[in-house]
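Each chain, letter by letter, is given below.
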Amino acid sequence: SAQAIHAGAQVAASEINAAGGVLGRPLEIVTTDNRGVPARALNNLRAAAADPAVVAVMCGKYSPVAIDLLADIHRLQMPYLDPWAAADPITDNGYAPNFVFRLSLRDTWALQAMLRHAGKSGAKRVALLLPNSDWGRSSLRAAEHAVAREPGQEIVGIEWYNFGDPSLLLQYRNLRAARAQALLLVANEQEAVTLVNELAGLPKTERLPVIAHWGLTGGRFFAASQAALREVDVSVVQTFSFLGKSDPAKAALLAGLRPIAGYGDPRAVASPVGVAHAYDLVHLLARAIGRAGSTERPAIRAAL
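Residues numbered from 1 in each chain as written. Predicted model: local features only at pLDDT ≥ 70, side-chain atom pairs only at ≥ 80, totals over all residues. Heavy atoms only, no water.

Participant: Which residues make up the pairing of strand β4 (residues 125-131), and what values do they have?
Facilitator: Among the seven residues in β4, seven count as buried, and that is most of the element. Inspection of the sheet shows β4 paired to strand β5 (residues 154-161) by seven bridges, in the parallel sense. Paired with Leu130 across the two strands is Trp160, which belongs to β5. Each parallel crossover has a hand, and for β4 linked through helix α6 (residues 134-147) to β5 it is right-handed. Of the strand pairs in this sheet, β4 and strand β6 (residues 182-185) are connected by four bridges, and their pairing is parallel. Note that in β6 the partner of Ala127 across the bridge is Leu183. (Buried < 20%, exposed > 50% of the residue type's maximum accessible area, 1.4 Å probe, protein only. Helix = DSSP H or I, 4+ residues; strand = E, 2+ residues; numbered from the N terminus. Pairing = 2+ DSSP bridges. Right-handed = clockwise from strand over helix to strand, strands pointing away.)

See below:
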């Protein structure tokens, strides 16, 4: 996911700089690595804010990291661009003025789409398998609000797991025992691989269809569970794909990726939602800087 976000941002910056840059200056993408650890992300944010040339910070896919940074984002008045992390409180954060801007799914929209898909598939009784994190709690609130507006649909079970759990079979069996007709899974690739491989080992009659949030697309989920996916019905919510009908914008983005990331085949693009969202966000940032006529961060925030 991080490399996808970087690639999309870099394609946009290359296009912006080829057209003259922002306010006559080149836009540079500088990367730091927080390894998914909030404390590292906070140090990186503070270092970025200390550099007057930095006009904005873009995050990765981990919602808990973004949420833990909210106080310092607003204390430092740093425009914060979110191309992936979906937890509702990232943008519904209570700060005014709000320095956080998301171009991505949020959990409210993701869970609405997942529940709609379950309903269209005939599943009225759904179960939730959630991470014990801000992302999981945000997804639960979103699911509860969404199901309240779906007549005839109900949440019959909720189970939690911790990142890195070696097995999710106990939680799954508990949800099946609640007579769920579909499993709504909120997970990144590691836990999704664990679950799907475990489901593939069950008798066919014991495998529920899995309707997943998109965290699993941020890594090597398909490569690690390819055989199991022939046995398990998995659907994933997403906003964008390079597959299917093309258009000039999609073709231009794919062409821009070739020299930066080496992608030529649309099916080879890793984490395409990260590529597309970061690309659009950087173009929007450049427009905001132009509209502000300044690299002052509060002026950029107002323009965004």
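Participant: Go over the side chain of His213 with me, naming the residues and quoting the values.
Facilitator: Within the fold, His213 resides in the loop between β7 (210-212) and α9 (221-225). The class of His213 is buried, set by a relative accessible area of 0%.

Participant: Kindly report on the nonpolar core, identifying the contributing residues and their values.
Facilitator: One finds Leu184 and Leu257 to be the most contacted residues of the largest nonpolar core, which totals 55 residues. Counting only elements with at least two residues in this core, the list comes to α1 (2-18), α5 (107-120), β4, α6, β6, α10 (248-261), α11 (272-292) and α12 (297-303). If one sorts the elements of this core by residue count, α11 sits on top with eleven residues. Ignoring any residue separated from it by four or fewer positions in sequence, one finds Leu184 in contact with Leu111, Met114, Leu115, Val126, Ala127, Leu128, Leu129 and Ile211. Formed by 24 residues, the second largest nonpolar core is a distinct cluster that contains Leu175, Ala180, Phe221 and Val232. (Core = buried A, V, L, I, M, F, W, Y, C linked by side-chain atoms within 4.5 Å. Contact = heavy atoms within 4.5 Å.)

Participant: Tell me about the sheet that holds β6, residues and numbers included.
Facilitator: Ordered by their spatial adjacency, five strands build an open sheet running β5-β4-β6-β7-β8, and the pairing between neighbours is parallel. Looking at the sheet topology across the chains shown, the edges are occupied by β5 and β8 (234-236). Here the average twist between neighbouring strands, direction ignored, is 20°. Of the strand pairs in this sheet, β6 and β7 are connected by three bridges, and their pairing is parallel. Counterpart to Leu184 in the pairing with β7 is Ile211. (Axes fitted to C-alpha atoms, helices over the stretch in contact; angles between N-to-C directions.)

Participant: Account for unusual backbone geometry, naming residues and giving values.
Facilitator: Residue Ala96 is joined to Pro97 through a cis peptide bond whose omega torsion reads 0°. Structurally, Pro97 can be placed in the loop between β2 (80-82) and β3 (100-102). A positive phi is found at Arg179, a non-glycine position, where the angle reads about 65°. Inspection of the secondary structure puts Arg179 in the loop between α7 (169-177) and β6. Phi at Ser271 takes a positive value of approximately 50°, unusual for a residue other than glycine. Given the relative accessible area of 6%, Ser271 is considered buried.

Participant: Give me the packing of α5 against α6: which residues, what numbers.
Facilitator: Two elements in contact, α5 and α6, have axes whose closest approach is 8 Å; the angle formed by their N-to-C orientations is 55°. Taken together, the axes of α5 and α6 lie oblique to each other. The interaxial crossing formed by α5 with α6 has right-handed handedness. Along the contact surface, α5 presents Asp107, Thr108, Leu111, Gln112 and Leu115, while α6 presents Trp135, Ser138, Ser139, Ala142, Ala143, Ala146 and Val147. Considered class by class, the residues forming the contact of α5 with α6 number seven nonpolar, four polar and one charged. (Parallel < 35°, antiparallel > 145°, perpendicular 65-115°, else oblique. Left-handed = near helix turned anticlockwise from the far one by under 90°. Nonpolar A, V, L, I, M, F, W, Y, C, P; charged D, E, K, R; others polar.)

Participant: Provide a residue-level description of the sheet that holds β2, including the pertinent values.
Facilitator: Each strand in a sheet pairs with another by means of backbone hydrogen bonds, the pair being arranged parallel or else antiparallel. Pairing in this open sheet of three strands is parallel, and the strands run β1-β2-β3 from one edge to the other. For this open sheet the edge positions go to β1 (57-58) and β3, each flanked by a neighbour on one side alone. Where β2 lies against β3, three bridges are found, and the strand directions are parallel. From the neighbouring strand, Leu81 faces β3, where its bridge partner is Phe101.

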